[in-house]
Amino acid sequence: MPHRRATDSTGIRPRTGRTSGQDARSGLLGRLRGPADLKTLGPDELSALAGEIREFLVQHTSARGGHLGPNLGVVELTLALHRVFDSPADPIVFDTGHQAYVHKILTGRAAGFDRLRTRGGLSGYPSRAESEHDWVENSHASTSLSYADGLAKAFQVRGESDRTVVAVIGDGALTGGMAWEALNNIAAGSGRPLVVVLNDNGRSYAPTIGGMAQRMAALRLRPGYERMLGQVKSTLPRAPVVGRPLYGALHAVKTAVKDWLLPPAMFSDLGLKYLGPIDGHDVEELESALSRAKGFRGPVLVHCLTRKGQGYPPAENDDAEQMHSPPAFDPVTGRPKVTPSTSWTSVFSRELLRAGAERDDVVAVTAAMSGPTGLDAFAAAFPDRFYDVGIAEQHAVTSAAGLAMGGLHPVVAVYATFLNRAFDQLLMDCALHRLGVTVVLDRAGITGEDGPSHHGMWDMSLAALVPGLCLAAPRDAVTLSEELFEALAVGDAPTVLRYPKGAVPQEVPALRRVTSGDGGPVPVEGGRGAVDVLAQPRAGHENDVLLVAVGAFGGMAVEAASRLADQGIGVTVVDPRWALPVPPVLVDLAAGHRLVVTVEDGGRSGGVGAAVVDALAGTDVPVQVVALPQRFLESASRAELLIELGLTAQVLARTVTETFADRAGRRSGEAATPAGPDADPFDTPGGLSGRRPAGEA
Ligand SMILES: Cc1ncc(C[n+]2csc(CCOP(=O)(O)OP(=O)(O)O)c2C)c(N)n1
Ligand SMILES: CC(=O)[C@@H](O)[C@H](O)COP(=O)(O)O
Ligand SMILES: [Mg+2]
């Protein structure tokens, strides 16, 4: 349904120059202390406020990036929500939470946007520490309806029948299976006041896929629907003219006419009352529908048609993603402020395209993120071998198992943190059946400003649990290409590749590739099992330290080795390439060393370091594991967090120096670090976090 473009009434006139919290204190925004202040505003003030909010959003996301498109699309919706419901008594749960900036502005946090998504600043997602109005911090999609179902049941048990739970879920998030598990339960909760607000802008990043999305798109495009709706609406006098009661009655007539014309079978067949579709940019219409929904005192779905990027032409006209989550950009043109350097994602995209051209059994699967994971080029070149399954990682992995059973080699590209969703599918649907499915994990390790539920720090611990699964962590573009093609050569086990967010580092060349140890040649299948030596010590120090650098930390380890050589400590740096399971040749290489140190961009519990400790348990070689602490890491830039956690060449060198001096002679086979999963590896002597080595700034 083509929306009245807000630019007609609230067109954004972005100001150039520095943004400042000052604009949070000017105009209507400046008078806003909290949701209660909204209830006194009239239609014209609301329209003006919507315009101010849009301008505010553009100014503040342009500084450091952020979820501009989604938030521009929910300005009127969020205004109406806070005018109809009484947050926080009535919980408003935002699915994924990336579209909660307006909610934050309306709940007294506008001034904090100067430091949006910065270390210690305003989170880009709801934050319970920030406000009583915030409920869910997890940014993984499709969870809101389950939270809402639980909250509604809790209020029922506690006899708090005057409270209404509201869940705001996008059409994309609604493609997640968990959402339908929840809807099935919500629909049965007749006595529980729960309003599901479907924020339907027709897109995740790209247009939302699937039969449901097609059905809902039809609601917008149905011939005559818009005209009919317009005619019915135009006969409908505005509330101030006839008074709310009559307006409400006439509105009910209009809705009944629509329902009759467009019975929303999807939801009503579930037993869920359905209101809509509503113009998601008409505050008056939204308030009327939401008020009716609130009055229903049971489960009801309000279907709001919105537009991602509404009111800001660069976002409206961004056909790819409608500025879903742009990096810092020029507020006037919408163009990125910085031209991105070659990213891991772009290298993967290029190499997968090459694989697709060489092999017609290679197919690609995305969970609604073809752009961010680098599948767009493959999709354009091989549209019949590309599948977007929606925000449905579980389905993505098991349908890939089906693709493999059918004789193809699927490549499933997801962000590392979202693989958590599909662990059982990887374990039981892929590995148990010994299927050649390749999962490529972008944003592995510390990601940055998206905070704790986005850091990709769990994948190696999960992968290590899966019998038969092989995980590779490329250290640069060359090894990404090698290891991708090695993965595609594996037809009898799942393979995983993982690399971090951002720019791919300079090539880290190998001095040599070791495929066998003292015990004679080690079976190296298609590259798996071979280990790259990246640096080796001067004569006479060959057995001092073996530094096992996983993936993108290869370059840092080589630099640390150089620092250590200056201190007379000999370090052999190796990249295990296929890091899980631990290559046998690595065990051979470790033998005889006075100390083994592992360093990885992943959680310490059950990661590569833990696996190396296990592999060397029977030897007399002490092992120091350097990894991410097993806790939820804050939101900050990747660079800030790496420095804060001591994952730099300088601190790594100091750690090795301390450990070497202090522990290299310890009793046989004992891990140099207490390997308890909750022990913070950085608190060991010479540890990294909390206590910095002497002389560290
Ligand atoms: C489990 C999971 N997979 C993928 C993502 C990445 N992601 C963030 S927002 C988004 C699109 C959400 O679309 P929708 O729910 O329609 O919200 P909109 O952005 O359109 O407001 C995706 C795929 C995620 N947050 N969680
Ligand atoms: C909310 C969400 O999950 C995504 O939009 C994510 O924020 C994008 O992350 P990148 O910016 O790293 O692609
Ligand atoms: Mg959407």
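Residues numbered from 1 in each chain as written. Chains lettered and ligands numbered in written order. Predicted model: local features only at pLDDT ≥ 70, side-chain atom pairs only at ≥ 80, totals over all residues. Heavy atoms only, no water.

- Looking at an unreviewed UniProt entry, one finds the protein named 1-deoxy-D-xylulose-5-phosphate synthase and attributed to Nakamurella endophytica.
- Of the comments in the UniProt record for the protein, the one headed Subunit (unreviewed entry) reads "Homodimer."
- As stated in UniProt under Function (unreviewed entry), the record for the protein gives "Catalyzes the acyloin condensation reaction between C atoms 2 and 3 of pyruvate and glyceraldehyde 3-phosphate to yield 1-deoxy-D-xylulose-5-phosphate (DXP)." (UniProt positions renumbered as here; feature names shortened; annotations may be inferred.)

1. Topic: the coordination of the magnesium ion (ligand 3)
Part 1 of the reasoning: Distances from the magnesium ion (ligand 3) to its protein donors, namely Asp171 (OD), Asn201 (OD1) and Arg203 (O), fall within the range 2.0 to 2.2 Å.
Part 2 of the reasoning: Site description for the magnesium ion (ligand 3): donor spacing in sequence, D-x29-N-x1-R. Take Asn201 and Arg203: they sit in the same class, and that class is buried. (Donors = N, O, S within 2.8 Å, 3.2 Å for Na, K, Ca; no water. Buried < 20%, exposed > 50% of the residue type's maximum accessible area, 1.4 Å probe, protein only.)

2. Here we look at the nonpolar core
Part 1 of the reasoning: With 55 residues, the main nonpolar core has Val412, Val437, Val439, Leu586, Val596 and Val612 as its most contacted residues.
Part 2 of the reasoning: For this core, the leading source of residues is helix α18 (residues 393-405), giving 6 residues.
Part 3 of the reasoning: Leaving out residues up to four positions away in the same chain, Val412 has contacts with Val365, Ala396, Ala400, Val437, Thr438, Val439 and Val440.
Part 4 of the reasoning: Counting residues in hydrophobic clusters, the runner-up holds 51 residues, among them Leu68, Ile105, Leu286 and Tyr312. (Core = buried A, V, L, I, M, F, W, Y, C linked by side-chain atoms within 4.5 Å. Helix = DSSP H or I, 4+ residues; strand = E, 2+ residues; numbered from the N terminus. Contact = heavy atoms within 4.5 Å.)

3. Considering the packing of aromatic side chains
Part 1 of the reasoning: On inspection of all chains with the given rule, the structure shows 10 aromatic pairs.
Part 2 of the reasoning: Judged by centre distance (5.9 Å) and plane angle (70 degrees), the ring pair of Tyr101 and Phe113 falls under edge-to-face. Taken together, the positions of Tyr101 in helix α6 (residues 101-109) and Phe113 in the loop between α6 and α7 (144-157) put the pair 12 residues apart, joining distant regions of the chain.
Part 3 of the reasoning: The class of Tyr101 is buried, set by a relative accessible area of 0%.
Part 4 of the reasoning: By relative accessible area, Phe113 is classed as buried at 1%.
Part 5 of the reasoning: The residue whose ring lies beneath Lys273 is Phe296, and the NZ or CZ to ring-centre distance is 5.8 Å.
Part 6 of the reasoning: It is Arg385 that lies over the ring of Phe382; its NZ or CZ is 4.3 Å from the centre. (Phe/Tyr/Trp six-rings, centres within 6.5 Å; stacked < 30°, edge-to-face > 60°. Lys NZ or Arg CZ within 6 Å of the ring centre and 35° of its normal.)

4. A short note on the environment of Leu72
Part 1 of the reasoning: With respect to the helices and strands, the residue Leu72 is situated in helix α4 (residues 68-72).
Part 2 of the reasoning: Between the C-alpha atoms of Leu72 and Ile53, which are 19 residues apart in sequence, the distance is 8.5 Å.

5. Quick notes on the pattern of salt bridges
Side-chain pairing between opposite charges can occur once the charged atoms of the two side chains come close.
Part 1 of the reasoning: Considering all chains together, one arrives at 34 salt bridges under this definition.
Part 2 of the reasoning: One salt bridge in this structure joins Asp575 and Arg475, with 2.6 Å as the shortest N-O distance. With a gap of 100 residues between them, Asp575 in strand β17 (residues 571-575) and Arg475 in the loop between β10 (470-472) and α22 (477-488) connect regions that are remote in the sequence. This pair shows no difference in class: Asp575 is buried, exactly as Arg475 is.
Part 3 of the reasoning: If you follow the salt bridges from partner to partner, you end up with Arg475, Asp476, Glu482, Glu483, Glu486, Arg513, Asp532, Asp575 and Arg577 in one network. (Salt bridge = Lys/Arg side-chain N within 4 Å of Asp/Glu carboxyl O.)

6. What to know about the site of ligand 1
Part 1 of the reasoning: Around ligand 1 sit 22 residues, and of these His98, Gly172, Ala173, Asn201 and Glu393 come closest.
Part 2 of the reasoning: In the environment of ligand 1, an oxygen atom lies 2.9 Å from a nitrogen or oxygen atom belonging to the backbone of Arg203.
Part 3 of the reasoning: For ligand 1, the protein covers 98% of the area, taking 580 Å² as the surface of the free molecule.
Part 4 of the reasoning: Residue composition of the shell around ligand 1, grouped by class: 7 nonpolar, 10 polar and 5 charged. (Near = heavy atom within 4 Å. Polar contact = N/O pair within 3.5 Å; in protein donor to acceptor, adjacent residues only side chain to side chain. Areas by Shrake-Rupley, 256 points an atom, 1.4 Å probe, with all protein chains shown as cover. Nonpolar A, V, L, I, M, F, W, Y, C, P; charged D, E, K, R; others polar.)

7. Points about the UniProt feature "binding site: thiamine diphosphate" (unreviewed entry) in the protein
Part 1 of the reasoning: The UniProt record marks His98, Ser139, His140, Ala141, Gly172, Ala173, Asn201, Tyr312 and Glu393 with the feature "binding site: thiamine diphosphate" (unreviewed entry), using the residue numbering of this structure. These annotated residues cover 296 residues of sequence, and their C-alpha atoms sit far apart, with the largest distance between any two at 31.4 Å.
Part 2 of the reasoning: Turning to its location among the elements, His98 is positioned in the loop between β1 (92-94) and α6.
Part 3 of the reasoning: Using a relative accessible area of 14% as the deciding quantity, one classes His98 as buried.

8. Quick look at the sheet that holds β1
Part 1 of the reasoning: Ordered in space as β1-β2-β3-β5-β4, the 5 strands form an open sheet in which the pairing is parallel. For this open sheet the edge positions go to β1 and β4 (273-279), each flanked by a neighbour on one side alone. Between one strand and the next, the sheet's axes are offset by a mean angle of 20 degrees, whatever the strand orientation.
Part 2 of the reasoning: Bridge count between strand β2 (residues 165-170) and strand β3 (residues 194-200): 6 bridges; the pairing is parallel. (Pairing = 2+ DSSP bridges. Axes fitted to C-alpha atoms, helices over the stretch in contact; angles between N-to-C directions.)

9. A few points about the packing of helix α5 (residues 75-84) against α6
Part 1 of the reasoning: The interhelical angle for the contact between α5 and α6, taken along N-to-C directions, is 45 degrees, at an axis separation of 9 Å. By the angle between their directions, the pair α5 and α6 is classed as oblique. You can see that α5 and α6 cross each other, and the crossing is right-handed. On the side of α5, the interface is formed by Val75, Thr78, Leu79 and His82, while α6 contributes Val102, His103, Leu106 and Thr107.
Part 2 of the reasoning: Across the contact of α5 with α6, the residue classes tally to 4 nonpolar, 4 polar and no charged. (Parallel < 35°, antiparallel > 145°, perpendicular 65-115°, else oblique. Left-handed = near helix turned anticlockwise from the far one by under 90°.)

10. Considerations on the UniProt feature "binding site: Mg(2+)" (unreviewed entry) in the protein
Part 1 of the reasoning: As recorded in UniProt, the sites labelled "binding site: Mg(2+)" (unreviewed entry) are Asp171 and Asn201. For the annotated residues, spread through 31 residues, the largest C-alpha to C-alpha distance comes to 6.8 Å, consistent with a single compact locus.

11. Observations regarding the side chain of Ser204
Part 1 of the reasoning: In this fold, Ser204 is placed in the loop between β3 and α9 (211-221).
Part 2 of the reasoning: Of the residues examined, Ser204 reaches a relative accessible area of 9% and is grouped as buried.
Part 3 of the reasoning: With near-sequence residues (within four places) excluded, Ser204 lies in contact with Gly172, Lys308, His324, Ala368 and Ile391.

12. So, unusual backbone geometry
Part 1 of the reasoning: A cis geometry characterises the amide bond from Ser87 onward to Pro88, with omega recorded as 5 degrees.
Part 2 of the reasoning: Mapped onto the secondary structure, Pro88 falls in the loop between α5 and β1.
Part 3 of the reasoning: The peptide bond linking Gly276 to Pro277 adopts the cis configuration, its omega dihedral lying at -5 degrees.
Part 4 of the reasoning: Its location among the elements puts Pro277 in strand β4.
Part 5 of the reasoning: For Ser142, which is not a glycine, the phi torsion comes out positive at approximately 75 degrees.
Part 6 of the reasoning: Considering the arrangement of structural elements, one finds Ser142 in the loop between α6 and α7.
Part 7 of the reasoning: Classification of Ser142 as buried rests on a relative accessible area of 1%.

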